[in-house]
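Commentary on secondary and tertiary structure
Below are the chains, spelled out letter by letter.
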Amino acid sequence: MSTATKSKNGKVASSNGKATMKQDPIVAETGLPTEANNLYTETVSTMLHAAELMNLPRYLRLILAQPKNEIMVHFPVQMDNGQFKLFKGYRVQHNNALGPYKGGLRFHHDVHLDDVKSLAFLMTMKCSLVGVPYGGGKGGIKVNPREHSASEMERIVRRFTAAIAHNIGPDYDIPAPDVGSNSQHMAWIADTFSFLSEIGGDNPAAVITGKPVSYGGSLGREKATGQGVVDTLVEMLPELKLKPEKCTFSVLGFGNVGSWSAKIFQEKGAKLTAAADHTGFIINEKGIDADDLAKYVSSKGGVAGYPKASKCSKDDFYKAKVDVFIPAALEQMIKEPEAHMLNCKVVAEGANAPTTPAGEKVMLDRGIEVLPAILCNAGGVTVSYFEWVQNKTFQAWDLEKVDAELNKHMVKAAHKTRAARGQYKCDLRTAAYVAALQRLAEAYEVRGIFP
Ligand code: GLU
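Parameters and conventions
Residues numbered from 1 in each chain as written. Predicted model: local features only at pLDDT ≥ 70, side-chain atom pairs only at ≥ 80, totals over all residues. Heavy atoms only, no water. Helix = DSSP H or I, 4+ residues; strand = E, 2+ residues; numbered from the N terminus. Rg over C-alpha atoms; globule rule 2.2 N^0.38 Å. Buried < 20%, exposed > 50% of the residue type's maximum accessible area, 1.4 Å probe, protein only. Areas by Shrake-Rupley, 256 points an atom, 1.4 Å probe, with all protein chains shown as cover. Patch = residues over 30% accessible without salt bridge, like charges linked within 9 Å, V, L, I, M, F, W, Y side chains within 5 Å. Salt bridge = Lys/Arg side-chain N within 4 Å of Asp/Glu carboxyl O. Pairing = 2+ DSSP bridges. Axes fitted to C-alpha atoms, helices over the stretch in contact; angles between N-to-C directions. Right-handed = clockwise from strand over helix to strand, strands pointing away. Near = heavy atom within 4 Å. Polar contact = N/O pair within 3.5 Å; in protein donor to acceptor, adjacent residues only side chain to side chain. Nonpolar A, V, L, I, M, F, W, Y, C, P; charged D, E, K, R; others polar. Contact = heavy atoms within 4.5 Å. Parallel < 35°, antiparallel > 145°, perpendicular 65-115°, else oblique. Left-handed = near helix turned anticlockwise from the far one by under 90°. Phe/Tyr/Trp six-rings, centres within 6.5 Å; stacked < 30°, edge-to-face > 60°. Disulfide = S-S within 2.5 Å.

**Structural notes on the overall build of the protein chain**
When you go through the protein chain residue by residue, the secondary structure sums to 16 helices and 15 strands. A compact globule built from 451 residues should have a C-alpha radius of gyration of about 22 Å, and the protein chain, at 21 Å, falls within 12% of that. Dimensions along the principal axes, computed over C-alpha positions, put the protein chain at roughly 60 × 60 × 45 Å. A total of 451 residues make up the protein chain; the buried ones form 59% of that total. For the protein chain, the exposed surface amounts to about 18,900 Å²; the carbon and sulfur share of it is 53%.

**Quick look at a nonpolar patch on the surface**
On the surface, a cluster of nonpolar side chains totalling about 220 Å² of accessible area is made up of V213, L219 and L399. Turning to its location among the elements, L219 is positioned in the loop between α6 (183-196) and α7 (224-236). The partly exposed category is assigned to L219, whose relative accessible area is 36%.

**Side note on the sheet that holds strand β7 (residues 136-142)**
With respect to topology, five strands assemble into an open sheet ordered β4-β5-β7-β6-β8, the strand pairing being mixed. Two strands close off the open sheet at either side, each with one partner strand: β4 (69-78) and β8 (173-177). The average undirected angle you get between the axes of adjacent strands in this sheet is 20 degrees. The pairing of strand β6 (residues 101-108) with β7 spans four bridges and is parallel. Note that in β7 the partner of F107 across the bridge is I141.

**Remarks on the pairing of β7**
Of all seven residues that make up β7, six are buried, and the element is covered over most of its length. Alignment of strand β5 (residues 84-95) against β7, held across six bridges, turns out to be antiparallel. Paired with Q93 across the strands is G137, a residue of β7. For the crossover from β6 across helix α4 (residues 113-130) to β7, the handedness is right-handed.

**A word on the site of the ligand**
The local shell around the ligand holds 14 residues, among which K102, K126, P177, D178 and S384 are the closest. Between the ligand and K138, the relevant distance is 2.9 Å, taken from an oxygen atom to a side-chain nitrogen or oxygen of the residue. Surface burial for the ligand is 95%, taken as the share of its 300 Å² of free accessible area covered by protein chains. Secondary structure elements with two or more residues in the shell around the ligand: β6, α4, β8 and α14 (379-393). Along the lines of polarity and charge, the residues of the shell around the ligand split into four nonpolar, five polar and five charged.

**Description of helix α12 (residues 357-365)**
Extensive coverage of α12 is indicated by the burial of seven of its nine residues. Residues of α12 that are buried include every one of P357, A358, G359, E360, K361, V362 and M363, and no others. Directly after α12, the chain includes G367, whose backbone phi takes a positive value near 80 degrees.

**Here we look at the side chain of H148**
The residue H148 is located in the loop between β7 and α5 (150-164) in this model. We classify H148 as buried; its relative accessible area is 13%. A distance of 2.8 Å separates polar atoms of two side chains, one belonging to H148 and the other to E152. For H148, the residues in contact, after removing those within four places along its chain, are M79, K85, F87, V143, M153 and I156.

**Overview of the packing of helix α8 (residues 256-267) against helix α9 (residues 290-300)**
One can describe the packing of α8 onto α9 by two numbers: an axis separation of 9 Å at closest approach and a directional angle of 160 degrees. Put simply, α8 runs roughly antiparallel to α9. Crossing geometry of α8 relative to α9 is assigned as left-handed. Contacts from S259, A262, K263 and Q266 of α8 reach α9 at A290, D291 and A294. In the contact of α8 with α9, the residues fall into three nonpolar, two polar and two charged.

**Some remarks on the sheet that holds strand β11 (residues 280-283)**
With respect to topology, seven strands assemble into an open sheet ordered β12-β11-β10-β9-β13-β14-β15, the strand pairing being mixed. A strand with exactly one partner marks an edge of an open sheet, and here the two such strands are β12 (310-311) and β15 (369-371). Bridging between strand β14 (residues 346-348) and β15 involves three bridges; their strand directions are parallel. Bridge pairing in β15 links A348 to L371.

**A closer look at the packing of aromatic side chains**
Scanning all chains against the criterion turns up 15 aromatic pairs. With centroids separated by 5.2 Å and ring planes inclined at 65 degrees, the aromatic side chains of Y134 and W388 adopt a geometry described as edge-to-face. Of this pair, Y134 sits in the loop between α4 and β7 while W388 sits in helix α14, and the two are 254 residues apart along the sequence. Classification of Y134 by relative accessible area gives buried; the value is 0%. A ring pair is formed by Y296 and Y306, whose centres lie 5.3 Å apart and whose planes are at 70 degrees; its orientation type is edge-to-face.

**Focus: the state of the cysteines**
Under the criterion given, the structure shown has zero disulfides. You can see C127 has no disulfide; the closest cysteine sulfur is in C376, sitting 16 Å from it. Free cysteine: C426, not disulfide-bonded; nearest cysteine sulfur from C376 at 17 Å. Here C426 falls in the buried class, since its relative accessible area comes to 15%.

**Let's talk about the pattern of salt bridges**
Per the counting criterion, the structure on display carries 24 salt bridges. A salt bridge links K223 to D403; the nearest nitrogen and oxygen atoms lie 2.9 Å apart. Within this pair, whereas K223 is found in the loop between α6 and α7, its partner D403 is found in helix α15 (residues 399-424), the two being separated by 180 residues in sequence. Residue K223 is classed as buried on the basis of its relative accessible area of 13%. For D403, a relative accessible area of 22% corresponds to the partly exposed category. Two residues, E239 and R421, come together in a salt bridge whose shortest N-O distance is 2.7 Å. With E239 in the loop between α7 and β9 (248-252) and R421 in helix α15, this residue pair connects regions lying 182 residues apart in the sequence. E239 gets classed as partly exposed once you look at its relative accessible area, which sits at 32%. Several salt bridges converge on common partners, so that one network encompasses E235, E239, E369, R418 and R421.

Functional significance is not addressed by these values, which are geometric in nature.
Next comes the structure, spelled out in structure tokens:
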């Protein structure tokens, strides 16, 4: 039999060493999945813990526990060999109290409805925290982009756009890139949507952000999430008595977010000593040049075989002594075993939900500071907002303006998070949720609930 004790952060540690969040009655009332480790239930439960701490009105907890709309589509696409394949796509619209639904499109062979729901929920929280006038949404296609030619991907993306075209729009729901999708995909979506809505709107390309700069994209959008990770680190490290220029760091996932975080953190003087992705784990205590590694990864498809570092085991990667660890891959990668192995002072969450509640408990007990994703990786959606503003006003900002405005949003969000931590004496993730929920609560209070 396992006994459970309540710790100061309200999480329950059971005697079998697993930490679980005390289940809020709203989880059962709103019919959230009950199976262990369900990402959606985990994510919402963490928010409900913050809601309890700040005494958020019950009706708001109910509203936020489930998305407003869950759209699932199936669509056929002809492959290069003439055969048809049926694809599954999603768009989840979690909340639009603060503005249009906003959030990326994930192209991954393993994407499920609950993942998309969690990610949409996180977008509501992130947009609220970082002070942009958006709600939260997320979508995706169950597809492995690496298995398809460019022309197959173009047909898949265009047909998916047609399938969801009636449910998105420049003032209603604005998708963007996420894991597996890129600016070329965004261009095909903008073009398809513009074609389908020729007589509507001033600038139909504002239906999507993360477009190429040559087609309404913003300077600085490609690096924006990584830039935001580093802006957050620069803002938060001094209170932990760490100087960016003296830091060593490791990165999990060397795609858009991981590689840009590494390149920009390196520009501040920090030293990358270990990296990992789906192809393998590499280490070099003397330092790995992030620009050189990024070039290698874009030509070879992964970090494996990088000649200027040594191959290492997964355990050696996690045990590498660094100041900062940046998980920038997928969700739920830092569970208890990984959290026990980590030998760092700070985790900067570049990915969405990379840490499980049980993994986080281990890290907090070990004195590792966790900079939560809704703060740390909010740079992407912030510059998406700038892109949308530029599209709507037919302007093109220079990079200095984009970077300066992004920094203002990141620093302000960090201040709000710190203030909530001071007020409620909680960890940073709970504090970030409190700050996000405060803005949503204010909006609901004045809006009221129709009818
Ligand atoms: N997919 C990114 C995120 O998770 C960006 C979303 C956006 O730009 O709308 O934050």
